[in-house]
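# Fold and contact review
In case you want the letters, here they are:
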Amino acid sequence: MHYLFLAIACSVAVSVLLKVARRLDVVIEQAIAFNYLIALLLSYFLLQPNFQGQGFTDFIVQNENSTIFLSLGLLLPSVFIIMSKAVEFAGIVRSDAAQRLSLFLPILAAFVLFGEQLSQSRIISLLLAFSALFCLINKPHAQGLSVKGGLSLLAVWFGYGAIDILFKQTAKMGSAFSTTLFIAFALAMCVMFMYLLIKRTQWNGASLLAGIILGGLNFMNILFYIRAHQSFSQNPTLVFAGMNIGVICLGTLVGAIVFKEKISKINGVGVVLGISAILSLFYLEPFLTR
(Lines give C-alpha, C1' and ligand atoms only; values in the text may rest on other atoms or scores of the structure.)
Protein backbone atom coordinates (compact mmCIF):
# COMPACT_ATOMS: atom_id res chain seq x y z
CA MET A 1 0.00 0.00 0.00
CA HIS A 2 2.90 2.35 0.74
CA TYR A 3 4.05 2.16 -2.91
CA LEU A 4 0.69 3.56 -4.02
CA PHE A 5 0.81 6.39 -1.48
CA LEU A 6 4.37 7.28 -2.55
CA ALA A 7 3.33 7.28 -6.22
CA ILE A 8 0.41 9.59 -5.41
CA ALA A 9 2.67 11.96 -3.43
CA CYS A 10 5.26 12.11 -6.24
CA SER A 11 2.58 12.70 -8.88
CA VAL A 12 1.10 15.62 -6.94
CA ALA A 13 4.62 17.00 -6.35
CA VAL A 14 5.14 16.97 -10.14
CA SER A 15 1.92 18.96 -10.60
CA VAL A 16 2.98 21.48 -7.93
CA LEU A 17 6.38 21.90 -9.58
CA LEU A 18 4.80 22.50 -12.99
CA LYS A 19 2.38 25.02 -11.48
CA VAL A 20 5.21 26.95 -9.77
CA ALA A 21 7.49 26.66 -12.80
CA ARG A 22 5.15 28.74 -14.95
CA ARG A 23 5.89 31.72 -12.69
CA LEU A 24 9.69 31.28 -12.83
CA ASP A 25 10.48 31.73 -16.55
CA VAL A 26 10.54 27.97 -17.07
CA VAL A 27 9.66 26.66 -20.53
CA ILE A 28 7.59 23.59 -19.63
CA GLU A 29 8.48 21.69 -22.83
CA GLN A 30 12.20 22.11 -22.08
CA ALA A 31 11.73 20.98 -18.48
CA ILE A 32 9.89 17.87 -19.72
CA ALA A 33 12.73 17.08 -22.16
CA PHE A 34 15.40 17.38 -19.45
CA ASN A 35 13.14 15.40 -17.14
CA TYR A 36 13.40 12.38 -19.46
CA LEU A 37 17.19 12.72 -19.53
CA ILE A 38 17.34 12.60 -15.72
CA ALA A 39 14.82 9.73 -15.57
CA LEU A 40 16.96 7.86 -18.10
CA LEU A 41 20.11 8.29 -15.99
CA LEU A 42 18.30 7.27 -12.78
CA SER A 43 16.86 4.15 -14.40
CA TYR A 44 20.33 3.20 -15.66
CA PHE A 45 22.20 3.63 -12.37
CA LEU A 46 19.47 2.57 -9.93
CA LEU A 47 17.61 -0.15 -11.84
CA GLN A 48 20.57 -1.44 -13.88
CA PRO A 49 18.75 -2.56 -17.04
CA ASN A 50 19.96 -5.84 -18.54
CA PHE A 51 20.30 -5.94 -22.33
CA GLN A 52 21.30 -9.62 -22.23
CA GLY A 53 24.58 -9.01 -24.02
CA GLN A 54 22.91 -7.39 -27.02
CA GLY A 55 23.32 -3.94 -28.45
CA PHE A 56 20.67 -1.33 -27.71
CA THR A 57 19.14 -1.46 -31.22
CA ASP A 58 19.29 -5.27 -31.47
CA PHE A 59 17.59 -5.62 -28.11
CA ILE A 60 14.73 -3.36 -29.18
CA VAL A 61 14.19 -5.15 -32.50
CA GLN A 62 14.39 -8.70 -31.13
CA ASN A 63 12.67 -8.30 -27.76
CA GLU A 64 9.17 -9.78 -27.39
CA ASN A 65 8.10 -6.72 -25.34
CA SER A 66 9.23 -4.22 -27.98
CA THR A 67 5.63 -3.11 -28.66
CA ILE A 68 5.21 -2.04 -25.03
CA PHE A 69 8.35 0.05 -24.62
CA LEU A 70 8.06 1.55 -28.11
CA SER A 71 4.46 2.55 -27.36
CA LEU A 72 5.46 4.06 -24.01
CA GLY A 73 8.40 5.88 -25.56
CA LEU A 74 6.12 7.54 -28.11
CA LEU A 75 3.06 8.07 -25.89
CA LEU A 76 4.76 9.64 -22.86
CA PRO A 77 5.99 12.77 -24.66
CA SER A 78 3.23 12.82 -27.29
CA VAL A 79 0.43 12.90 -24.73
CA PHE A 80 2.14 15.81 -23.00
CA ILE A 81 2.20 17.76 -26.28
CA ILE A 82 -1.42 16.80 -26.99
CA MET A 83 -2.40 17.88 -23.47
CA SER A 84 -0.89 21.33 -24.08
CA LYS A 85 -2.91 21.60 -27.30
CA ALA A 86 -6.08 20.48 -25.50
CA VAL A 87 -5.57 23.21 -22.90
CA GLU A 88 -5.18 25.71 -25.75
CA PHE A 89 -8.23 24.57 -27.74
CA ALA A 90 -10.60 23.36 -25.00
CA GLY A 91 -9.41 24.94 -21.75
CA ILE A 92 -7.69 23.54 -18.67
CA VAL A 93 -10.88 22.39 -16.91
CA ARG A 94 -12.07 20.22 -19.79
CA SER A 95 -8.54 18.92 -20.45
CA ASP A 96 -8.08 17.94 -16.81
CA ALA A 97 -11.49 16.24 -16.85
CA ALA A 98 -10.53 14.26 -19.98
CA GLN A 99 -7.33 13.11 -18.31
CA ARG A 100 -9.17 11.98 -15.16
CA LEU A 101 -11.97 10.26 -17.09
CA SER A 102 -9.32 8.16 -18.85
CA LEU A 103 -9.63 5.99 -15.73
CA PHE A 104 -12.48 4.21 -17.55
CA LEU A 105 -10.03 2.58 -20.00
CA PRO A 106 -7.65 0.87 -17.52
CA ILE A 107 -10.59 -0.18 -15.33
CA LEU A 108 -12.17 -1.85 -18.37
CA ALA A 109 -8.80 -3.41 -19.23
CA ALA A 110 -8.50 -4.81 -15.70
CA PHE A 111 -11.50 -7.07 -16.34
CA VAL A 112 -11.14 -7.68 -20.09
CA LEU A 113 -7.34 -8.01 -20.49
CA PHE A 114 -6.04 -8.87 -17.02
CA GLY A 115 -8.79 -11.25 -15.93
CA GLU A 116 -9.82 -9.48 -12.74
CA GLN A 117 -13.08 -10.70 -11.16
CA LEU A 118 -15.86 -8.15 -10.61
CA SER A 119 -16.81 -8.82 -6.97
CA GLN A 120 -19.50 -7.05 -4.93
CA SER A 121 -16.91 -5.07 -2.97
CA ARG A 122 -15.20 -3.85 -6.14
CA ILE A 123 -18.50 -2.74 -7.63
CA ILE A 124 -19.17 -0.65 -4.50
CA SER A 125 -15.64 0.77 -4.56
CA LEU A 126 -15.87 1.68 -8.24
CA LEU A 127 -19.24 3.39 -7.76
CA LEU A 128 -17.66 5.48 -4.97
CA ALA A 129 -14.59 6.18 -7.14
CA PHE A 130 -16.52 7.39 -10.17
CA SER A 131 -18.92 9.40 -8.02
CA ALA A 132 -15.89 11.08 -6.45
CA LEU A 133 -14.39 11.68 -9.89
CA PHE A 134 -17.44 13.50 -11.21
CA CYS A 135 -17.71 15.59 -8.03
CA LEU A 136 -14.04 16.58 -8.16
CA ILE A 137 -14.06 17.63 -11.81
CA ASN A 138 -17.33 19.52 -11.45
CA LYS A 139 -16.23 23.08 -12.15
CA PRO A 140 -17.78 25.85 -14.25
CA HIS A 141 -16.36 26.19 -17.76
CA ALA A 142 -17.03 28.12 -20.92
CA GLN A 143 -19.68 26.87 -23.29
CA GLY A 144 -18.95 25.75 -26.82
CA LEU A 145 -16.27 23.40 -28.14
CA SER A 146 -14.48 23.47 -31.49
CA VAL A 147 -13.69 20.39 -33.59
CA LYS A 148 -9.99 20.77 -32.69
CA GLY A 149 -10.94 21.01 -29.03
CA GLY A 150 -13.09 17.89 -29.17
CA LEU A 151 -10.46 15.85 -31.00
CA SER A 152 -7.69 16.96 -28.63
CA LEU A 153 -9.81 15.98 -25.60
CA LEU A 154 -10.48 12.57 -27.13
CA ALA A 155 -6.75 12.11 -27.72
CA VAL A 156 -5.97 13.09 -24.10
CA TRP A 157 -8.59 10.63 -22.81
CA PHE A 158 -7.26 7.77 -24.93
CA GLY A 159 -3.56 8.61 -24.43
CA TYR A 160 -3.57 8.69 -20.63
CA GLY A 161 -5.72 5.56 -20.46
CA ALA A 162 -3.37 3.70 -22.79
CA ILE A 163 -0.32 4.73 -20.72
CA ASP A 164 -1.91 3.35 -17.55
CA ILE A 165 -2.58 0.03 -19.28
CA LEU A 166 0.99 -0.11 -20.61
CA PHE A 167 2.41 0.50 -17.12
CA LYS A 168 0.38 -2.46 -15.87
CA GLN A 169 1.83 -4.56 -18.69
CA THR A 170 5.29 -3.35 -17.71
CA ALA A 171 4.70 -4.39 -14.10
CA LYS A 172 3.93 -7.94 -15.26
CA MET A 173 7.47 -8.29 -16.66
CA GLY A 174 9.02 -8.77 -13.21
CA SER A 175 12.68 -7.76 -13.11
CA ALA A 176 12.66 -7.06 -16.87
CA PHE A 177 10.61 -3.91 -16.30
CA SER A 178 13.80 -1.93 -15.59
CA THR A 179 15.01 -2.43 -19.16
CA THR A 180 11.61 -1.48 -20.54
CA LEU A 181 11.59 1.74 -18.51
CA PHE A 182 15.10 2.63 -19.64
CA ILE A 183 14.22 2.21 -23.33
CA ALA A 184 10.91 4.07 -22.92
CA PHE A 185 12.69 7.02 -21.27
CA ALA A 186 15.37 7.02 -24.00
CA LEU A 187 12.77 7.12 -26.77
CA ALA A 188 10.67 9.74 -24.96
CA MET A 189 13.76 11.93 -24.53
CA CYS A 190 14.60 11.68 -28.23
CA VAL A 191 11.04 12.55 -29.27
CA MET A 192 10.87 15.54 -26.92
CA PHE A 193 14.27 17.00 -27.93
CA MET A 194 13.44 16.53 -31.63
CA TYR A 195 10.15 18.37 -31.06
CA LEU A 196 11.98 21.27 -29.40
CA LEU A 197 14.65 21.43 -32.09
CA ILE A 198 11.97 21.58 -34.79
CA LYS A 199 10.33 24.44 -32.86
CA ARG A 200 13.76 26.14 -32.60
CA THR A 201 13.26 26.73 -28.90
CA GLN A 202 15.44 29.19 -27.00
CA TRP A 203 17.06 27.20 -24.18
CA ASN A 204 17.39 28.61 -20.66
CA GLY A 205 18.95 27.54 -17.35
CA ALA A 206 15.74 27.73 -15.32
CA SER A 207 14.19 25.06 -17.52
CA LEU A 208 17.23 22.81 -17.06
CA LEU A 209 17.05 23.09 -13.27
CA ALA A 210 13.31 22.47 -13.25
CA GLY A 211 13.83 19.47 -15.52
CA ILE A 212 16.37 17.94 -13.11
CA ILE A 213 13.94 18.16 -10.20
CA LEU A 214 11.03 17.05 -12.36
CA GLY A 215 13.01 14.06 -13.64
CA GLY A 216 13.66 12.80 -10.11
CA LEU A 217 10.02 13.15 -9.09
CA ASN A 218 8.68 11.68 -12.33
CA PHE A 219 11.04 8.70 -12.13
CA MET A 220 9.93 7.93 -8.56
CA ASN A 221 6.28 8.40 -9.51
CA ILE A 222 6.49 5.85 -12.33
CA LEU A 223 8.70 3.44 -10.34
CA PHE A 224 6.38 3.40 -7.30
CA TYR A 225 3.32 3.10 -9.55
CA ILE A 226 4.77 0.00 -11.22
CA ARG A 227 5.80 -1.40 -7.82
CA ALA A 228 2.23 -0.90 -6.62
CA HIS A 229 0.96 -2.89 -9.62
CA GLN A 230 3.45 -5.65 -8.80
CA SER A 231 2.35 -5.70 -5.15
CA PHE A 232 -1.34 -5.90 -6.12
CA SER A 233 -0.93 -7.97 -9.29
CA GLN A 234 -4.30 -9.67 -8.76
CA ASN A 235 -6.16 -6.39 -8.21
CA PRO A 236 -5.19 -3.85 -10.90
CA THR A 237 -8.46 -1.97 -10.29
CA LEU A 238 -7.20 -0.99 -6.84
CA VAL A 239 -4.07 0.59 -8.30
CA PHE A 240 -5.77 2.23 -11.30
CA ALA A 241 -8.58 3.78 -9.26
CA GLY A 242 -6.51 4.39 -6.11
CA MET A 243 -3.83 6.27 -8.04
CA ASN A 244 -6.22 8.41 -10.05
CA ILE A 245 -8.60 9.32 -7.24
CA GLY A 246 -5.74 9.72 -4.76
CA VAL A 247 -3.96 12.22 -7.00
CA ILE A 248 -7.13 14.26 -7.48
CA CYS A 249 -7.97 14.28 -3.75
CA LEU A 250 -4.45 15.19 -2.61
CA GLY A 251 -4.07 17.69 -5.45
CA THR A 252 -7.35 19.36 -4.49
CA LEU A 253 -6.27 19.64 -0.85
CA VAL A 254 -2.80 20.97 -1.77
CA GLY A 255 -4.37 23.49 -4.15
CA ALA A 256 -6.67 24.73 -1.38
CA ILE A 257 -4.05 24.86 1.39
CA VAL A 258 -0.93 25.95 -0.49
CA PHE A 259 -2.30 27.93 -3.44
CA LYS A 260 -5.52 29.13 -1.76
CA GLU A 261 -7.67 27.71 -4.55
CA LYS A 262 -11.38 27.64 -3.82
CA ILE A 263 -13.08 24.28 -3.27
CA SER A 264 -16.82 24.12 -3.89
CA LYS A 265 -19.11 22.04 -1.69
CA ILE A 266 -19.42 19.40 -4.39
CA ASN A 267 -15.59 19.25 -4.68
CA GLY A 268 -15.43 18.70 -0.91
CA VAL A 269 -17.93 15.86 -1.23
CA GLY A 270 -15.71 14.44 -3.97
CA VAL A 271 -12.67 14.42 -1.67
CA VAL A 272 -14.62 12.51 1.00
CA LEU A 273 -15.98 10.05 -1.56
CA GLY A 274 -12.52 9.62 -3.07
CA ILE A 275 -10.91 8.79 0.26
CA SER A 276 -13.80 6.40 0.98
CA ALA A 277 -13.28 4.73 -2.41
CA ILE A 278 -9.56 4.17 -1.78
CA LEU A 279 -10.15 2.80 1.72
CA SER A 280 -12.91 0.51 0.49
CA LEU A 281 -10.68 -0.83 -2.28
CA PHE A 282 -8.20 -1.93 0.38
CA TYR A 283 -10.45 -2.99 3.24
CA LEU A 284 -14.03 -3.67 2.04
CA GLU A 285 -13.36 -6.91 0.15
CA PRO A 286 -11.61 -8.70 3.08
CA PHE A 287 -14.54 -7.64 5.31
CA LEU A 288 -17.24 -8.92 2.92
CA THR A 289 -15.45 -12.21 2.25
CA ARG A 290 -15.10 -13.21 5.91
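Placed above this text is the structure.
Parameters at a glance
- Residues numbered from 1 in each chain as written.
- Predicted model: local features only at pLDDT ≥ 70, side-chain atom pairs only at ≥ 80, totals over all residues.
- Heavy atoms only, no water.
- Helix = DSSP H or I, 4+ residues; strand = E, 2+ residues; numbered from the N terminus.
- Expected span 1.5 Å × (residues − 1).
- Polar contact = N/O pair within 3.5 Å; in protein donor to acceptor, adjacent residues only side chain to side chain.
- Axes fitted to C-alpha atoms, helices over the stretch in contact; angles between N-to-C directions.
- Parallel < 35°, antiparallel > 145°, perpendicular 65-115°, else oblique.
- Left-handed = near helix turned anticlockwise from the far one by under 90°.
- Contact = heavy atoms within 4.5 Å.
- Nonpolar A, V, L, I, M, F, W, Y, C, P; charged D, E, K, R; others polar.
- Salt bridge = Lys/Arg side-chain N within 4 Å of Asp/Glu carboxyl O.
- Buried < 20%, exposed > 50% of the residue type's maximum accessible area, 1.4 Å probe, protein only.
- Patch = residues over 30% accessible without salt bridge, like charges linked within 9 Å, V, L, I, M, F, W, Y side chains within 5 Å.
- Areas by Shrake-Rupley, 256 points an atom, 1.4 Å probe, with all protein chains shown as cover.
- Phe/Tyr/Trp six-rings, centres within 6.5 Å; stacked < 30°, edge-to-face > 60°.
- Core = buried A, V, L, I, M, F, W, Y, C linked by side-chain atoms within 4.5 Å.

### A closer look at helix H10 (residues 205-231)
In this model, H10 (27 residues) spans 39 Å end to end at C-alpha, consistent with the 39 Å of a helix rising 1.5 Å per residue. Where H10 begins, one side-chain oxygen reaches toward the backbone nitrogen of Ala206, 3.3 Å away; that side chain belongs to Asn204.

### Overview of the packing of helix H2 (residues 28-47) against H10
Between H2 and H10, whose axes approach to 7 Å, the crossing angle comes to 50°. Of the possible angle classes, the one that applies to H2 and H10 is oblique. In terms of crossing hand, the pair formed by H2 and H10 is right-handed. Residue-level contacts link Gln30, Ala31, Ile32, Phe34, Asn35, Tyr36, Ile38, Ala39, Leu42, Ser43, Leu46 and Leu47 of H2 to Ser207, Leu208, Ala210, Gly211, Ile212, Leu214, Gly215, Gly216, Asn218, Phe219 and Leu223 of H10. The class makeup of the residues in the contact of H2 with H10 is 15 nonpolar, 8 polar and no charged.

### A closer look at the pattern of salt bridges
Taken as a whole and assessed by the stated rule, the structure comprises 1 salt bridge. In this structure, Glu29 engages Lys199 in a salt bridge whose closest nitrogen and oxygen atoms are separated by 3.8 Å. Of this pair, Glu29 sits in helix H2 while Lys199 sits in helix H9 (residues 177-199), placing them 170 residues apart in sequence. When its relative accessible area of 18% is taken as the criterion, Glu29 is described as buried.

### A word on a nonpolar patch on the surface
Taken together, the side chains of Leu37, Leu41, Tyr44, Phe45 and Leu46 present a nonpolar region at the surface, about 510 Å² in accessible area. Tracing the sequence through the fold places Leu37 in helix H2.

### Some words on the packing of helix H6 (residues 104-112) against helix H7 (residues 120-136)
Their axes nearest at 13 Å, the elements H6 and H7 cross at an angle of 170°. For the element pair H6 / H7, the angle class is roughly antiparallel. Between H6 and H7, the residues in contact are Phe104, Ile107 and Phe111 and Leu126, Phe130 and Phe134, respectively. Residue classes in the contact of H6 with H7 are distributed as 6 nonpolar, no polar and no charged.

### What to know about unusual backbone geometry
Even without glycine at this site, Asp25 takes up a positive phi of about 60°. Tracing the sequence through the fold places Asp25 in the loop between helix H1 (2-21) and H2. Classification of Asp25 by relative accessible area gives exposed; the value is 60%. In this model, Arg200 sits at a positive phi of 55°, which is unusual for a non-glycine residue.

### Points about the packing of aromatic side chains
Geometrically, a pair of aromatic rings is defined through the distance of the ring centres and the angle of the planes. Taken as a whole and assessed by the stated rule, the structure comprises 9 aromatic pairs. Relative to Phe193, the ring of Phe34 lies with its centre 5.6 Å away and its plane at 80°, an arrangement referred to as edge-to-face. Here Phe193 lies in helix H9 and Phe34 lies in helix H2, a separation of 159 residues in the sequence. Accessibility assignment for this pair places Phe34 and Phe193 in one class, buried. Ring geometry for Phe104 against Phe130: centres 4.4 Å apart, planes inclined by 10°, an arrangement best described as stacked. With Phe104 in helix H6 and Phe130 in helix H7, this residue pair connects regions lying 26 residues apart in the sequence. Grouping aromatic residues by their ring pairs yields a cluster made of Phe34, Phe193 and Trp203.

### Some details on H9
For H9, spanning 23 residues, the distance from its first C-alpha to its last is 33 Å, which sits close to the expected 33 Å at 1.5 Å a residue. Where H9 ends, the next residue or the one after it, Arg200, has phi of about 55°, a positive value.

### Section: the side chain of Ser207
The topology assignment puts Ser207 in helix H10. A distance of 2.9 Å separates a polar side-chain atom of Ser207 from the backbone nitrogen of Val27. Residue contacts for Ser207: discarding those within four places in its chain leaves Asp25, Val26, Val27, Gln30, Ala31 and Phe34.

### Describing the nonpolar core
Among the nonpolar cores identified, the biggest contains 79 residues, and Tyr36, Leu72, Phe167, Leu181 and Phe185 are the most heavily contacted of them. Here this core takes 12 residues from H9, the largest share from any one element. Apart from residues lying up to four places away in sequence, Phe167 is in contact with Leu72, Leu76, Leu181, Ile222, Tyr225 and Ile226. The next biggest cluster of nonpolar side chains, apart from the first, holds 6 residues, and it includes Met83, Ala90, Ala98 and Leu153.

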